[in-house]
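Next come the chains, spelled out residue by residue.
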Amino acid sequence: TYVRSKQGKGRWYATGVAQLQSAPRALKQAATGRFAWECDLGNAFPTIIANLLPPDAGRWTELKAYAQDKTEMRREVADGYGIPMQEAKRLLLSILFGRSLRKWRAGRPEVTGPTPPRFERLCAELAEARTLLTRGQRRKGESQLTTLSRIVQIAEQEVVEALEKALKGRGFIAGTIRHPGA
């Protein structure tokens with residue numbers, strides 16, 4: 001059985017004792033053997049956003065680079081600000097989900113170095129992407145971020161349904177398709 005993380009919204013989580021969602025990858029492989037595959041839509045949120053945007057040449061370069069390889073940007077942020085990689089990861093995720101870089105910096109007076117240029121461009125691209133993708137899509141009382149999350153969630157469901165259909169067309173039965181997230 002699966003439930004949503006927040007009042008019918010958000011990520012799906014397995015419930016009950018007999019589930020492998022939170023198990024380490026090696027245990028999942030040992031438990032399911034040749035009967036199951038794990039399909040990971042890696043870096044899903046930025047990947048879906050990048051794919052929903054108009055394919056303008058030379059535009060969205062940092063967002064697309066981050067969607068392809070999040071480690072490189074994390075390293076640049078960690079090195080540029082002199083923070084641990086784990087903190088750079090948390091910062092990037094918070095920016096991705098709408099946090100202001102200015103607010104983060106205000107809470108970190110010990111971080112005095114300049115913002116890494118690629119990270120600055122990524123922040124600008126994300127702000128523009130949020131505006132572009134949510135224009136005309138917001139429901140009454142809905143924040144821009146909630147609207148964007150809803151749009152991404154719908155696109156993600158379409159990806160999963162297309163994958164299920166493709167597998168079925170090749171004679172495979174897809175009992176459960178899930179991705180572990182960021």
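Residues numbered from 1 in each chain as written. Predicted model: local features only at pLDDT ≥ 70, side-chain atom pairs only at ≥ 80, totals over all residues. Heavy atoms only, no water.

**Side note on the pattern of salt bridges**
Right, on to step 1. Tallied over the full model, the rule gives nine salt bridges.
Right, on to step 2. As a salt-bridge pair, Glu62 and Arg118 come within 2.7 Å of each other at their nearest N and O atoms. Of this pair, Glu62 sits in helix α3 (residues 61-68) while Arg118 sits in helix α7 (residues 117-134); the two residues are 56 residues apart in sequence, bridging distant segments of the chain. Arg118 shares its class with Glu62; the two are buried.
Right, on to step 3. Notably, a salt bridge pairs Glu62 with Arg121, separated by 3.1 Å at the nearest N-O pair. In this pair, Glu62 sits in helix α3 while Arg121 sits in helix α7, placing the two residues 59 residues apart along the sequence.
Right, on to step 4. On the accessibility criterion, Arg121 (41% relative accessible area) is partly exposed.
Right, on to step 5. Through salt bridges with shared partners, one network takes in Glu62, Glu72, Glu76, Arg118 and Arg121. (Salt bridge = Lys/Arg side-chain N within 4 Å of Asp/Glu carboxyl O. Helix = DSSP H or I, 4+ residues; strand = E, 2+ residues; numbered from the N terminus. Buried < 20%, exposed > 50% of the residue type's maximum accessible area, 1.4 Å probe, protein only.)

**Here's the deal with the side chain of Glu87**
Right, on to step 1. On the secondary structure map, Glu87 appears in helix α5 (residues 85-96).
Right, on to step 2. Dropping the residues within four chain positions of it, Glu87 is found in contact with Trp104 and Arg108. (Contact = heavy atoms within 4.5 Å.)

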